[in-house]
Amino acid sequence: MGFLFWKKKDKPEAADTSEPEINEVEAPVEKPKRTLFGKPKPKPEPTPEPTSEPVVVPEPVVVVEEVVAEPEPEPIPEPEPVLEVVELPKRSFAKGIKSLFTRIKFDPENLDELEDVLIQADFGVIAAELIVAEVKNRAKKQGAESEQELKSILEELIAEQLERDDKELNLTSGQLPYVVLVVGVNGVGKTTTIGKLSKYLAEAGSRVVIAAADTFRAAAVEQIATWSERSGATLVRPKTEGQDPASVAFEGTEKSLAENADVLIIDTAGRLQNKVDLMNELDKIRRVVEKNCVIAEVLLVIDATTGQNGMTQAKAFAEVAGVTGVALTKLDGTAKGGIVYSIQRELGIPVKLVGVGEGIADFAFFDAREFARGLVS
């Protein structure tokens, strides 16, 4: 919006107010006549000189035009950006969840056996004890006796305790691009998760940029390049091997802003040997990113097949990375679903994304009821 310059009208030139010069005409002086002979005649009385009164010229009236400044128009406010509600594609992941009761019968007469089942499924000892106690309590109140009735009670209980208001990705603030920082140790499926998430968002029409900031492993950059191509995302890769990860992240923000991207996903190094170094690196990435953008999510990727070892990783990253959500990979085959319960209940971090296969479409948002149904059925 430009500026309006209001120019005042030029004032008219004032008329000349000086009095005109009056040239007085000198009256001739009559000399007395003389005679040569005889007595001289008396001198006549001198005729008084006529007094000429000055001509008064009226002073011209100068009309000064009053300049009335036109009111400067009020600035027109710029319209607020219209946010389009994007509905992401629906996908189910229940078929990939291993049931708790594939080989063990849920015996209504002996609910104590359920405790062993839950412990083996990585719910943890304390959580297993509390769940069994609550199942017994509800079964008694409802008069439940059949296996199906008890399974329904267990399913409802697990779903209730895993349901959270913050389970969805923060993609509603309107502060574009949405920046998703992805952390996790090497080998847990971090690169695969980024590729799947990118494809998932692209299906909804989002423009995605991926910054390959795991610069210490050449293989990591090549892997992310492959997934980026498959998902149709724009890749920002390091210019040199071992480039500072923060500089790649910063270039990612500049690229996202230049291309009006909707989402920027930043891959980070997966080292956990020294938490101090990891914390310093992530802090630096945060600082450079937040010069241009707001970080919407810090996703921790955990391999579900690692069981309680995954809990150890989650605790370490939660301390230094400000994790806002968990992406759980390989939640199929030999995975023990109880790790989801442990992470959410013990760390207070929501599980947001679930991977149940190697295909680019084997991916979904976490749903507590669907998960509970898959565990119990």
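Our structure's up above, just so we're on the same page.
Predicted model only: the values in this text are computed from it and were never measured.

1. Here's the deal with the sheet that holds strand 8 (residues 363–365)
And then number 1: Within the open sheet, the eight strands sit side by side as 3-2-4-1-5-6-7-8. Their pairing is mixed. A single partner strand is all that each edge strand has here, and the edge strands are strand 3 (234–236) and strand 8. In this sheet, neighbouring strand axes are inclined to one another by 25 degrees on average, regardless of whether the strands run parallel or antiparallel.
And then number 2: Running over the sheet, helix 4 (residues 190–202) touches strand 1 (178–183), strand 2 (208–212), strand 4 (263–267), strand 5 (295–303), strand 6 (325–329), strand 7 (351–355) and strand 8 and is turned about 175 degrees from strand 4.

2. Some words on the pattern of salt bridges
And then number 1: Summed over the entire model, instances satisfying the criterion amount to 17 salt bridges.
And then number 2: A salt bridge links Glu160 to Arg138, with the shortest nitrogen-to-oxygen separation between them at 2.8 Å. In this pair, Glu160 is assigned in helix 3 (residues 147–162) and Arg138 in helix 2 (residues 125–142), connecting sequence segments 22 residues apart.
And then number 3: Since its relative accessible area comes to 39%, Glu160 is described here as partly exposed.

3. Observations concerning the nonpolar core
And then number 1: Grouped together as the largest cluster of nonpolar side chains are 90 residues, with contacts concentrated most on Ile265, Ile266, Val289 and Leu328.
And then number 2: Setting aside anything within four residues of it in sequence, one finds Leu328 in contact with Ile302, Ala304, Ile339, Val340, Ile343, Val351, Leu353, Val354 and Gly355.

4. Remarks on the environment of Val326
And then number 1: With respect to the helices and strands, the residue Val326 is situated in strand 6.
And then number 2: With a relative accessible area of 0%, Val326 lands in the buried category.
And then number 3: Val326 sits 40 residues away from Phe366 along the chain, and the two C-alpha atoms are 9.7 Å apart.
And then number 4: Filtering out sequence-adjacent residues up to four positions away, Val326 remains in contact with Leu299, Leu300, Ile302, Ile343, Ile349, Pro350, Val351, Lys352 and Leu353.

5. Topic: the packing of aromatic side chains
And then number 1: If you walk through the whole model with that rule in mind, you get four aromatic pairs.
And then number 2: Relative to Tyr341, the ring of Phe123 lies with its centre 5.2 Å away and its plane at 45 degrees, an arrangement referred to as tilted. Remark: Tyr341 occurs in helix 9 (residues 338–347) and Phe123 occurs in the loop between helix 1 (112–120) and helix 2; sequence separation between them is 218 residues.
And then number 3: Geometrically, the ring pair formed by Tyr200 and Phe365 is edge-to-face, given 5.3 Å between the ring centres and 85 degrees between the ring planes. Linking Tyr200 in helix 4 with Phe365 in strand 8, this pair joins segments that are 165 residues apart in sequence.
And then number 4: Residue Tyr200 is classed as buried on the basis of its relative accessible area, which comes to 3%.
And then number 5: Following the ring pairs from residue to residue traces out a cluster consisting of Tyr200, Phe363 and Phe365.

6. Examining the pairing of strand 7
And then number 1: For strand 7, the tally of buried residues reaches five of five residues, placing the bulk of the element in the interior.
And then number 2: In terms of strand pairing, strand 6 meets strand 7 through three bridges, oriented parallel. What sits directly across from Leu328, in strand 7, is Val354.
And then number 3: In terms of strand pairing, strand 7 meets strand 8 through three bridges, oriented antiparallel. The partner of Leu353 across the bridge, within strand 8, is Phe365.

7. As for the environment of Val354
And then number 1: Tracing the backbone shows Val354 in strand 7.
And then number 2: Considering only alpha carbons, one finds Val354 and Ile302, 52 residues apart in sequence, at a separation of 9.9 Å.

8. Things to note about the side chain of Lys196
And then number 1: Note that Lys196 resides in helix 4.
And then number 2: No salt bridge forms around the buried Lys196; measuring N to O, its nearest opposite-charge neighbour Asp362 is 5.2 Å away.
And then number 3: Ignoring any residue separated from it by four or fewer positions in sequence, one finds Lys196 in contact with Trp227, Gly355, Gly357, Glu358, Gly359, Ile360, Asp362 and Phe363.

What counts and how
Residues numbered from 1 in each chain as written. Predicted model: local features only at pLDDT ≥ 70, side-chain atom pairs only at ≥ 80, totals over all residues. Heavy atoms only, no water. Pairing = 2+ DSSP bridges. Helix = DSSP H or I, 4+ residues; strand = E, 2+ residues; numbered from the N terminus. Axes fitted to C-alpha atoms, helices over the stretch in contact; angles between N-to-C directions. Contact = heavy atoms within 4.5 Å. Salt bridge = Lys/Arg side-chain N within 4 Å of Asp/Glu carboxyl O. Buried < 20%, exposed > 50% of the residue type's maximum accessible area, 1.4 Å probe, protein only. Core = buried A, V, L, I, M, F, W, Y, C linked by side-chain atoms within 4.5 Å. Phe/Tyr/Trp six-rings, centres within 6.5 Å; stacked < 30°, edge-to-face > 60°. Lys, Arg positive; Asp, Glu negative; His and termini not counted.

These values are about where atoms sit, not about what they do.
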